[in-house]
Amino acid sequence: MGFARTCSVALVGVEGVVVEVQADLEPGVAAFTLVGLPDKSLSESRDRVRAAVVNSGADWPQKKLTVGLSPASVPKGGSGFDLAVAAAVLGAAERIDPRAIADLVLIGELGLDGRVRPVRGILPAVLAAADAGYRQVVVPEQTAGEAALVPGVSVLGVRSLRQLIAVLTDEPVPAEEPVEEGRPDAMLAGLLVPGAGIGTGLASDPTDPAGGPDLADVAGQHRARRALEVAAAGSHHLLLSGPPGAGKTMLAERLPGILPPLTRQESLEVTAVHSVAGILPPGEPLVHRAPYCAPHHSATMQSLVGGGNGLPRPGAVSLAHRGILFLDEAPEFSGKALDALRQPLESGHVVIARAAGVVRLPARFLLALAANPCPCGRHSLQGAGCECPASLVRRYQARLSGPLLDRVDLRVEVEPVTRADLLGQGDRGESSATVAARVREARARAAARLSDTPWTVNSEIPGHELRTRYLAAPGALAAAERDIERGLLTARGLDRVLRVAWTVADLAGHDRPDSQDIALALELRTGITRGVPVGAEERA
């Protein structure tokens, strides 16, 4: 009787569970049994592994073979277990030393010819292995750069099962045929999900060196530009409302260009989600820029928060983690889909319960909404001929529920562009690079102030801390207190006004918010003019 074991990783959402792959050979009729809650794609690994082993020049054991995946109570799926199953079988057959694979973590799909094909979710899988104490992993060669992002782990990238056998048995490593330059590589197909890559609104193009459209292209809209700067500096949620053609979408598309680069920890979090979702571009193992996700208004609730058959997969809120989720034509989204955003907006994660299990997915994003004032869009324009009945206008605007809007820090009315601004007769606005520099400085001030706390940006500070630890200047809250008495602000609204005021103070270089900072925060929150300048140059 032969026995061998090695390890692989099962992904549950974006978290990994180390799975021990055991192979047992017994005398009897030749058979191959796979146990341990495998799904359909994993059950088919029996045929893939058998063909890969034979085509790699090794003998397939003609005995009763049982492969167990432990813990057996965890559902397992995908083709990433193929390499571990093959190694365990070869160890039980004594083609390789069982001790050489006992402490290895192997992840990869096998082709029938023995080639090792890349799979999604390598980064979270290797992170789980490192957290469990494993220090040696074997992954497909194309994903070795992604696995190497995890510190303290030795990574071996292999192109074929023959190569792995040679390395484990100290035999000469066979030469693999190089991929011809310019020839499409079918091996990369396992990394990308069709319809979820660049150009679908789920990710920004990493090959664009300019970082996307420039804010200087926007004509006029000084108040909206100021709101974008505040939103980027403090990661505050934003609502842009106004008639069609005013530039709401144009403004939102330029928001990623003024966000600071992701930190190392944030990059790992974003890369892990994108790797599982299958939108991580080949050759880009680490995401450095904040993601930008803009789903169509026909998106379902499951596509926004996560779902799918079996264990839930990341939705738009998770794909936009540490970045921007832009909902254009927000009132056209279903009410259920919009209200499903309320919980992740507060907590920074989403918990999805399904029959197959409960998954916790990261979802700390900046929400940007764009909305027309009515179905025809001309309600706010004088003399534009809006024919929408008042009841229809109210129903249309009520599609954005009060609890959802209460979580939006900045609400800006985007006015139509004037002729002077549109024809270039007015002053040209600042570029994205100039605004991004001020945003980075404001973020640095906030980070220095919050260095001994678990928070990094102003939007994350709890309300209790804002009212007891991070106090505004004496008398600065007088206007906010009057708005509470008039019913214009809720308790949550006051907390959000204080967060925005701290961001405005950081942008202005103030030690703490003064009455003018509070007034601007109130104006951006309520839309009621307070007589404060909105341009950064006006406040200097």
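Along each chain, numbering runs from 1 in the same order as the chain's sequence is written. Local features are withheld for residues below a pLDDT of 70 in this predicted model, meaning they are given only at 70 or higher, and side-chain atom pairs are given and counted only at 80 or more; totals for whole chains, interfaces and linings count all residues. With hydrogens and water stripped out, all remaining heavy atoms of the structure feed into the side-chain values.

Thoughts on the pairing of strand β15 (residues 366-371)
A 1.4 Å probe rolled over the protein chains alone gives each residue an accessible area, and that area as a share of the maximum for its type sets the label: buried under 20%, exposed over 50%, partly exposed in between. Labels follow the DSSP assignment, with helices taken as runs of H or I lasting at least four residues and strands as runs of E lasting at least two, numbered in each case from the N terminus. With six of its six residues buried, β15 lies for the most part within the structure. At least two DSSP bridges between two strands are needed for those strands to be called paired. Note: strand β10 (residues 238-241) against β15, four bridges, orientation parallel. When the sheet's bridge partners are listed, Leu239 is paired in β15 with Leu369. For strand β12 (residues 324-327) and β15, the ladder comprises four bridges, and the chain directions are parallel. For Phe326, the partnering residue across the bridge sits in β15 and is Ala368.

Structural notes on the packing of aromatic side chains
Only rings of Phe, Tyr and Trp enter the pairing, Trp through its six-membered ring, and a pair is recorded when the two centres are within 6.5 Å. The plane angle decides the type: under 30 degrees is stacked, over 60 is edge-to-face, the rest tilted. Tallied over the entire structure, the rule returns three aromatic pairs. Between Tyr292 and Phe326 the ring centres are 6.4 Å apart and the planes differ by 20 degrees, which places this aromatic pair in the stacked class. Here the residue Tyr292 occupies a position in strand β11 (residues 292-293), and Phe326 occupies one in strand β12, the gap between them amounting to 34 residues. Aromatic pair Tyr470 and Trp502: ring centres 6.2 Å apart, planes at 85 degrees, arrangement edge-to-face. Placement of Tyr470 in the loop between α19 (463-468) and α20 (478-485) and of Trp502 in helix α21 (residues 491-508) is noted, with a sequence separation of 32 residues between them.

Things to note about the pattern of salt bridges
Each salt bridge in this description consists of a side-chain nitrogen of Lys or Arg and a carboxyl oxygen of Asp or Glu lying within 4 Å of one another. The full count for this structure, using the stated rule, is 29 salt bridges. Where Arg438 meets Glu229, a salt bridge forms, and the shortest distance between an N and an O atom there is 2.8 Å. Remark: Glu229 occurs in helix α8 (residues 222-234) and Arg438 occurs in helix α18 (residues 432-449); sequence separation between them is 209 residues. Per residue, the accessibility class of Arg438 equals that of Glu229, and both read buried. Here Glu460 ties to Arg364 by a salt bridge, and the two come within 4.0 Å at their closest N and O atoms. Note that Glu460 is positioned in the loop between α18 and α19 and Arg364 in the loop between β14 (357-362) and β15, a separation of 96 residues in sequence. On the basis of relative accessibility, which here comes to 16%, the residue Glu460 falls in the buried class. For Arg364, a relative accessible area of 29% gives the class partly exposed. Linked by salt bridges that have partners in common, Glu346, Asp406, Arg407, Asp409, Arg492, Arg496 and Arg525 make up one network.

A few points about the packing of helix α2 (residues 45-55) against helix α3 (residues 82-92)
Axes here refer to lines fitted to C-alpha atoms; in helices the fit is confined to the stretch in contact. Angles between the N-to-C directions go from 0 to 180 degrees. Between α2 and α3, whose axes approach to 10 Å, the crossing angle comes to 60 degrees. Taken together, α2 and α3 sit at an angle that is classed as oblique. Our pair here, α2 against α3, has a crossing hand that is right-handed. Touching Ser45, Arg48, Val49 and Val53 of α2 are Asp82, Val85, Ala86 and Leu90, all from α3. Each residue belonging to the contact of α2 with α3 can be placed in one class, and the counts come to five nonpolar, one polar and two charged. Should an angle lie under 35 degrees it is considered roughly parallel, over 145 roughly antiparallel, and from 65 to 115 roughly perpendicular; all remaining angles are considered oblique. If you view the pair so one helix is near and one far, a crossing is left-handed when the near helix is turned anticlockwise from the far one by less than a right angle, and right-handed when it is turned clockwise. Residue contacts are counted whenever heavy atoms from the two residues lie within 4.5 Å of one another. Classification convention: Asp, Glu, Lys, Arg as charged; Ala, Val, Leu, Ile, Met, Phe, Trp, Tyr, Cys, Pro as nonpolar; all other residues, Gly among them, as polar.

Quick word on the nonpolar core
To qualify as a nonpolar core, a set must consist of buried Ala, Val, Leu, Ile, Met, Phe, Trp, Tyr and Cys residues joined through side-chain atoms within 4.5 Å. By size, the foremost hydrophobic cluster in this structure holds 58 residues, and its most contacted members are Leu238 and Ile258. Among the elements that make up this core, the one with the highest residue count is α21 (eight residues). Apart from residues lying up to four places away in sequence, Ile258 is in contact with Leu215, Leu228, Glu229, Ala232, Ser432, Val435, Ala436 and Val439. Listed in part, the 39 residues of the second largest apolar core include Ala52, Val67, Val89 and Ile165.

A short note on the packing of α20 against helix α22 (residues 515-526)
For the pair α20 and α22, the least separation of the axes is 8 Å and the interaxial angle reads 35 degrees. From α20, Ala479, Ala480 and Asp483 reach across to α22, where they touch Ile518, Leu522 and Thr526. A breakdown of the residues in the contact of α20 with α22 according to their chemical character gives four nonpolar, one polar and one charged.

Quick notes on the side chain of Arg443
Along the polypeptide, Arg443 turns up in helix α18. His residues and chain termini do not enter the charge count, which takes Lys and Arg as positive and Asp and Glu as negative. Although buried, Arg443 forms no salt bridge, and the nearest oppositely charged side chain, Glu266, lies 5.5 Å from it. We call two N or O atoms a polar contact when they sit within 3.5 Å, provided that within protein one can donate a hydrogen and the other can accept it, with sequence-adjacent residues counted only if both atoms are side-chain atoms. A distance of 2.7 Å separates a polar side-chain atom of Arg443 from the backbone oxygen of Ala232. Setting aside its immediate chain neighbours within four residues, Arg443 contacts Ala232, Ala233, Ser235, Leu259, Pro260 and Val457.

A closer look at α20
Regarding α20, the residues found buried are Ala479, Ala480 and Asp483. Looking down the long axis of α20, one finds its buried residues gathered within 100 degrees of arc, a one-sided arrangement. Two residues or fewer after α20 comes Gly487, characterised by a positive phi angle close to 80 degrees. Arc definition: it is the arc formed by the directions from the helix axis to the C-beta atoms.

With respect to the sheet that holds β15
In spatial order, the strands read β11-β12-β15-β10-β16; together these five strands make up an open sheet with parallel pairing. Here the strands that pair on one side only, and so sit at the sheet edges, are β11 and β16 (410-413). α8 contacts β10, β15 and β16 of the sheet and is inclined by roughly 165 degrees relative to β16.

What to know about the pairing of strand β2 (residues 15-26)
The pairing of strand β1 (residues 2-12) with β2 spans 11 bridges and is classified as antiparallel. Bridge pairing links Val12 to Glu15 in β2. As judged from the seven bridges shared by β2 and strand β4 (residues 64-70), these two strands associate in the antiparallel manner. Bridge pairing in β4 links Gln22 to Gly68.

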